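Coordinate inspection notes
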Amino acid sequence: MSSTTSRPEAAKPPMREALVAAAFQLFLERGYEQTTVDDIVALAGVGRRSFFRYFPSKEDVVFPDHERCLADMTAFLAASEPDHEPVRRVCDAARLVMLMYAENPSFSVQRYRLTKRVPGLRAYELSVVWRYERALAAYLRDRFAGTPDGDLRADVIAAATVAAHNNALRSWLWSDGQGDAAEAVDHALGSVRTAFGAAPEPSTDAPGGAPAGVRAGVAPGLPLVTALPDEDDVVVVVSRRGAPLWRVVQEIETTLARK
């Protein structure tokens, strides 16, 4: 078979990719508002029916990969094991979005610039972000079920995860995709894990795994304050990382008042 007969088929992109490429070419040349679906299908050489087979609307062609990414995130969270630390798990799930953007930096930067200029696309993007956040929150609500303020913690951590991820990702896009997106996002998500993740395992210098002098059997999420019996003016505070500061201070003051 000659190369002239095989080259056109080899070079022809899949229809979905051809539609996205045609749409962005027109968006850059004419502007988003001035481009119609008819314009896109004409440039791509397909019919309107083919367009709507892949994209429900013109807005969807700007975000062609988010449905797949959301499905991947949902599947990733559904495959979680009981021993997975939940905050780390949602941070790992958020990284899937970063990886999607990093697959094609030039396209991601083009989309970022376009979205900044078109209010309707910014609103659409916010709805996409909200769906990611809801997926993270649903997983966390299940993991925190039956714990004090479980739903509240889930929603706060999910929102913080999305905010940290998006802050780093937008900085990378603003720089035209320069630098390491993964490093930037990992650094941002590290702040979420520091603020909300599980505290390190306590040392096991006493029977039962609890530190010496510390009372066991405290409900998860509540601070424990105790004075060591053989030391003057020494107070040990054991608390969940996410415990509110006012609660910890209250427990310290109460304990000191008893001495």
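Residues numbered from 1 in each chain as written. Predicted model: local features only at pLDDT ≥ 70, side-chain atom pairs only at ≥ 80, totals over all residues. Heavy atoms only, no water.

Quick word on the side chain of D60
Here D60 is to be found in helix α5 (residues 58-62). Despite its burial, D60 remains without a salt bridge, the nearest opposite charge being carried by R131 at 6.8 Å. Contacts of D60, omitting those with residues within four sequence positions, involve F55 and Y124. (Helix = DSSP H or I, 4+ residues; strand = E, 2+ residues; numbered from the N terminus. Buried < 20%, exposed > 50% of the residue type's maximum accessible area, 1.4 Å probe, protein only. Lys, Arg positive; Asp, Glu negative; His and termini not counted. Salt bridge = Lys/Arg side-chain N within 4 Å of Asp/Glu carboxyl O. Contact = heavy atoms within 4.5 Å.)

Things to note about unusual backbone geometry
At D149, a position not held by glycine, the phi torsion is positive, near 55 degrees. Note on D149: relative accessible area 53%, which makes it exposed. For D176, which is not glycine, the phi dihedral falls at a positive 65 degrees. By the element assignment, D176 lies in the loop between α10 (150-174) and α11 (181-196).

Details of α10
Along its 25 residues, α10 runs 36 Å from first to last C-alpha, staying within 8% of the 36 Å computed at 1.5 Å per residue. Following α10 by one or two positions, D176 adopts a phi angle in the positive range, close to 65 degrees. (Expected span 1.5 Å × (residues − 1).)

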